[in-house]
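Working through the structure, step by step
Now for the letters of each chain:
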Amino acid sequence: MTSDFPIGRRSLLLGSAALALGLGARPARAAAAAPGDVVLTLPAPTGRHPVGCRSVYLVDTSRRDPWDSSVPVRELMLTFFYPAGDITGLAPAPQLPPPTANAFGQVAPYGPLRLPAAGVDWAATLSHSFADAPALPGRRPVLLYSPGGGDPRGLGTSLAEDLAGHGAVVVTVDHPGDGAAVEFPGTTAFRDEPVRTTVFRGDPRDRPEVFRTMIDTRVADLRFVLDRLARPIELPLPRGLAGAIDRHRIGLYGHSAGGSAATEVLFEDHRVRAAVNLEGYLDHPPPVPGGTPEPFPVTRHGVDRPLLLLGTEGFDHRPELDRSWSALTARSRRLVRTARIADAGHWVFTDCAATIPQLQAAGLTTRAERNAVIGRIAPTVSIPKVRRLVRGFFAQHLDTC
């Protein structure tokens, strides 16, 4: 697939799939955190298991990169979260790898997340997962997560950890060229920087060819990960994890564009038994203003396996979203459940549900800015609610804990 979208391999994200500009020829170095900078925290997982994590680099040699014609393969970065065994002597991993956190912090003030330009040590936020811990014995269902357009996979850490603490193996997927910043293990002959930043300029739905490339690429990325999970012994996983993966109990979930892709993969790939769409469209924008949107194949045909469409009352493009969701439910009513969270905004499904209120308490964002991102709902309400809904859905359909 090709796209005529003007790309700059080293542009940086200015908000989640909403506003991006090029900020220089190379990923900029972040300034050292100032004394007194706020360190944000994530809520602990609620399951009975400690959680391990491992970052994994994969290469699909059958595809060229769709965003940069000079890259002859498709590179991916994943994080596996899983129930861990012995964690003695291990330290929690960061929410975002330092280079990713640095890039995110530099561009954060310019996008719809309304994040502050200074006063936060973005690289200091820790997860509740322990890098490279041995896996707890047992066969586990597998859940793949695709983040929102432009978002790094690390913004889905809290929900992934909670699902893993309750017994699932969760695989979060970065989509390079799309995601804000993706850190690879090193450089290659075709990529001279270890960090690759987003190509997006503006909201992809304002450029129909860009939106189509984004969704098609994510679908292909997720199906490639499914291919590799069918042979887990070949993956560089921590001790015991390959044997824990039950490839007959696979689910997908995703936020925004990630939810769009997860829903389409549910339709296309019968290895997936159930999926959760966290406020993602199910149609392509019209090729010309005022034209007719093009439904995804899943929207035209319906689903034959369980799907949860989970949204918010405060989503500012709800009429367009409802149009595509109602078309799907009309064709697969028995298998699709729809729910919405009151007083919530679009990013309540991400780690922003926990971190934005902390920024408001520190005086680094306003009440109006917070409400525009995650809504008025308190994190003590939103975080448990999202966790329960997603976990409960997969428990019902994948026999998770």
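Presented here is a report on the structure given in the accompanying data block. What you are looking at is a predicted structure, and each value in this text was computed from that prediction instead of being measured. (Residues numbered from 1 in each chain as written. Predicted model: local features only at pLDDT ≥ 70, side-chain atom pairs only at ≥ 80, totals over all residues. Heavy atoms only, no water.)

1. Section: the pattern of salt bridges
Rule in force here: Only one rule defines a salt bridge in this text: a Lys or Arg side-chain nitrogen within 4 Å of an Asp or Glu carboxyl oxygen. A 1.4 Å probe rolled over the protein chains alone gives each residue an accessible area, and that area as a share of the maximum for its type sets the label: buried under 20%, exposed over 50%, partly exposed in between.
In total, this model carries 26 salt bridges according to the counting rule given. As a salt-bridge pair, Asp60 and Arg63 come within 2.8 Å of each other at their nearest N and O atoms. Exposure class is identical for Asp60 and Arg63. Each is buried. Across the pair Arg249 and Asp246 runs a salt bridge, and its minimum N-O distance is 2.9 Å. In this pair, the class of Arg249 matches that of Asp246, namely buried. Each of the salt bridges in this network shares a partner with another, and the network as a whole consists of Asp60, Arg63, Asp65, Arg74, Arg196 and Asp221.

2. Topic: the packing of helix α2 (residues 157–165) against helix α10 (residues 379–398)
Stated formally: Lines fitted to C-alpha atoms define the axes, with helix axes restricted to the stretch in contact, and inter-axis angles between N-to-C directions lie between 0 and 180 degrees. Secondary structure is summarised from DSSP: a helix means a run of H or I of at least four residues, a strand means a run of E of at least two, and numbering begins at the N terminus for each. Here roughly perpendicular refers to angles of 65 to 115 degrees, roughly parallel to angles under 35, roughly antiparallel to angles over 145, and oblique to all remaining angles. Note on convention: near helix rotated counterclockwise from far helix by under a right angle means a left-handed crossing. Clockwise means right-handed. Contact criterion: two residues are considered in contact whenever any of their non-hydrogen atoms come within 4.5 Å of each other. Side-chain classes follow a simple rule in which Ala, Val, Leu, Ile, Met, Phe, Trp, Tyr, Cys and Pro form the nonpolar group, Asp, Glu, Lys and Arg form the charged group, and the remainder, Gly included, forms the polar group.
The interhelical angle for the contact between α2 and α10, taken along N-to-C directions, is 50 degrees, at an axis separation of 10 Å. In this view, α2 runs oblique relative to α10, as classed from their interaxial angle. Pair α2 / α10 crosses with right-handed handedness. Residue-level inspection shows Ser158, Leu159, Asp162 and Leu163 of α2 in contact with α10, the latter providing Val386, Arg387, Val390 and Arg391. Its residues assigned to classes, the contact of α2 with α10 shows four nonpolar, one polar and three charged.

3. Observations concerning the packing of aromatic side chains
In plain terms, the rule: The rule is short: rings of Phe, Tyr and Trp, with Trp giving its six-membered ring, pair when the centres are within 6.5 Å, and they are stacked under 30 degrees, edge-to-face over 60, tilted in between. Cation placement over rings: the criterion is NZ of Lys or CZ of Arg within 6 Å of the ring centroid and within 35° of the ring normal.
Within this structure, the stated rule accounts for seven aromatic pairs. Ring centres 5.4 Å apart and planes at 90 degrees place the aromatic pair Phe104 and Trp122 in the edge-to-face group. Remark: Trp122 occurs in the loop between α1 (98–107) and β6 (126–131) and Phe104 occurs in helix α1; sequence separation between them is 18 residues. For Phe104, a relative accessible area of 6% gives the class buried. These aromatic residues form a ring-pair network of at least three members: Tyr145, Tyr253, Phe393 and Phe394. Positioned above the aromatic ring of Phe211 is the side chain of Arg205, whose terminal nitrogen or guanidinium carbon lies 4.7 Å from the ring centre.

4. Some words on the environment of Arg218
Position of Arg218 among the secondary structure elements: in helix α3 (residues 208–229). When its relative accessible area of 1% is taken as the criterion, Arg218 is described as buried. Separated by 42 residues in the primary sequence, Arg218 and Ser260 have C-alpha atoms spaced 9.2 Å apart. Once residues within four sequence positions are removed from consideration, Arg218 is found in contact with Ser146, Pro147, Gly148, Gly149, Gly150, His175, Asp178, Ala257, Gly258 and Ala261.

5. Brief notes about the side chain of Ser129
The test is simple: In the analysis that follows, any N or O atom pair within 3.5 Å is treated as a polar contact, provided that within protein one partner can donate a hydrogen and the other can accept it, and provided that, for residues neighboring in sequence, both atoms belong to side chains.
Tracing the backbone through its elements, the reader meets Ser129 in strand β6. A distance of 2.6 Å separates polar atoms of two side chains, one belonging to Ser129 and the other to Glu161. For Ser129, the contacting residues outside a window of four places in its chain are Val51, Gly52, Cys53, Phe81, Ala91, Pro92, Ala93 and Glu161.

6. Things to note about the nonpolar core
What counts is decided by this rule: Residue types Ala, Val, Leu, Ile, Met, Phe, Trp, Tyr and Cys, when buried and joined through side-chain atoms within 4.5 Å, form a set referred to as a nonpolar core.
Core analysis: the biggest nonpolar cluster contains 55 residues, and Phe80, Leu144 and Val171 have the highest contact counts within it. In terms of residue count, the dominant contributor to this core is α3 (10 residues). Residues within four places of Leu144 in sequence aside, it is in contact with Val171, Leu222, Val225, Leu226, Leu229, Gly251, Leu252 and Tyr253. Among the nonpolar cores identified, the runner-up in size contains 33 residues, and Leu163, Ile383, Val386 and Phe394 belong to it.

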